[in-house]
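Next come the chains, spelled out residue by residue.
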Amino acid sequence: SIEISSLTVTNTNKDGIYVNENSTMITIQNTKFDLTCDSDYYNSPMAIAAFGQVYGISILDNNIKMVSEAGYNYGIDISNYLPAPAWDHGAGNAELIDVRNNVINITSTVNSGMVEAMYIDSVVNSEFVNNTIYTYSGEGVANYGMALVDSWGYTVMGNLFEDDYTGSVWDGGSQNIK
């Protein structure tokens, strides 16, 4: 197994950490991400991304802060899709993903686009527990604390979401989908 721990990742117009397809048993914990993207950044910034078929990835006790002029912004992105230039499906679904006790704080400074603190696509038998999420944006930006799509066998429990635009605070409560 591989452990990435107790780092400070400070980037301008760059992502934080990528976990590539076919990676197994990786832990990212106690790491501070401070990402800034200006209008010259042509991609969608991500603090932590895992693409394609990955297994046993733990994302624990991290602090993610992003201030961005990019149109689409992601704190944690776990997706069956492979990144550019492939833009194709991975060999299989991500499985046994554990995302817990993270603080994700994303500020979008543009007036259109999207913020997704966690974008989770096609994961199996995974847990998303006790994360605290803050999103800040202009009126035309769609804010999602967590977008969880095409997934099964997951548990979502005890997450706190705060969206400054609507002023809403949502306690994610408990959800266990088999």
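Before reading further, recall that the structure is shown in the block above.
Only a predicted model underlies this, so the values are computations on that prediction, with no experimental measurement involved.

Q: Can you break down a nonpolar patch on the surface residue by residue, with the values?
A: Side chains of M25, Y55 and L96 sit close together on the surface and give an oily, nonpolar patch of about 270 Å² of accessible area. Mapped onto the elements of the fold, M25 is located in strand β4 (residues 24-29).

Q: Tell me about the pattern of salt bridges, residues and numbers included.
A: As enumerated under the stated definition, the model contains 2 salt bridges in all. Between R100 and D98 there is a salt bridge, with its nearest N and O atoms 2.7 Å apart. Using a relative accessible area of 21% as the deciding quantity, one classes R100 as partly exposed. Between E127 and R100 there is a salt bridge; the shortest N-O distance is 2.5 Å. Remark: R100 occurs in strand β11 (residues 98-100) and E127 occurs in strand β15 (residues 127-129); sequence separation between them is 27 residues. Classification of E127 by relative accessible area gives partly exposed; the value is 35%. Each of D98, R100 and E127 takes part in a single network of salt bridges with overlapping partners.

Q: Summarise the nonpolar core; cite the residues concerned and give the values.
A: Of all hydrophobic cores here, the largest spans 34 residues; its most connected members are I76, I78, M118 and F128. A per-element tally of this core places strand β13 (residues 113-121) first, with 4 residues. Each residue touching I78, except ones within four places of it in the same chain, is listed here: A50, I59, A94, I97, V99, Y119, I120, D121 and V123. Grouped together as the second largest cluster of nonpolar side chains are 7 residues, F51, M114, Y119 and A147 included.

Q: Describe the sheet that holds strand β3 (residues 17-19), listing the residues and the values that go with them.
A: Paired through backbone hydrogen bonds, the strands of a sheet run either parallel or antiparallel to each other. The 5 strands lie next to each other as β3-β6-β9-β13-β17, forming an open sheet whose pairing is parallel. Strands with a single pairing partner mark the edges of an open sheet, and in this sheet they are β3 and β17 (141-149). Each strand axis lies, on average, 15 degrees off the axis of its neighbour in the sheet, ignoring direction. Two strands pair when backbone bridges link them, and strand β9 (residues 72-79) and β13 are joined in this way by 6 bridges, in the parallel orientation. Bridge pairing links I78 to I120 in β13.

Q: So what's going on with the packing of aromatic side chains? Residues and values would help.
A: This structure, assessed with the given rule, holds 2 aromatic pairs. When the ring of Y18 is compared with that of F51, the centres are 5.3 Å apart and the planes differ by 70 degrees; the resulting orientation is edge-to-face. Linking Y18 in strand β3 with F51 in strand β6 (residues 46-51), this pair joins segments that are 33 residues apart in sequence.

Rules and cut-offs
Residues numbered from 1 in each chain as written. Predicted model: local features only at pLDDT ≥ 70, side-chain atom pairs only at ≥ 80, totals over all residues. Heavy atoms only, no water. Patch = residues over 30% accessible without salt bridge, like charges linked within 9 Å, V, L, I, M, F, W, Y side chains within 5 Å. Areas by Shrake-Rupley, 256 points an atom, 1.4 Å probe, with all protein chains shown as cover. Salt bridge = Lys/Arg side-chain N within 4 Å of Asp/Glu carboxyl O. Helix = DSSP H or I, 4+ residues; strand = E, 2+ residues; numbered from the N terminus. Buried < 20%, exposed > 50% of the residue type's maximum accessible area, 1.4 Å probe, protein only. Core = buried A, V, L, I, M, F, W, Y, C linked by side-chain atoms within 4.5 Å. Contact = heavy atoms within 4.5 Å. Pairing = 2+ DSSP bridges. Axes fitted to C-alpha atoms, helices over the stretch in contact; angles between N-to-C directions. Phe/Tyr/Trp six-rings, centres within 6.5 Å; stacked < 30°, edge-to-face > 60°.

As far as function goes, none of this settles anything; it's purely spatial.
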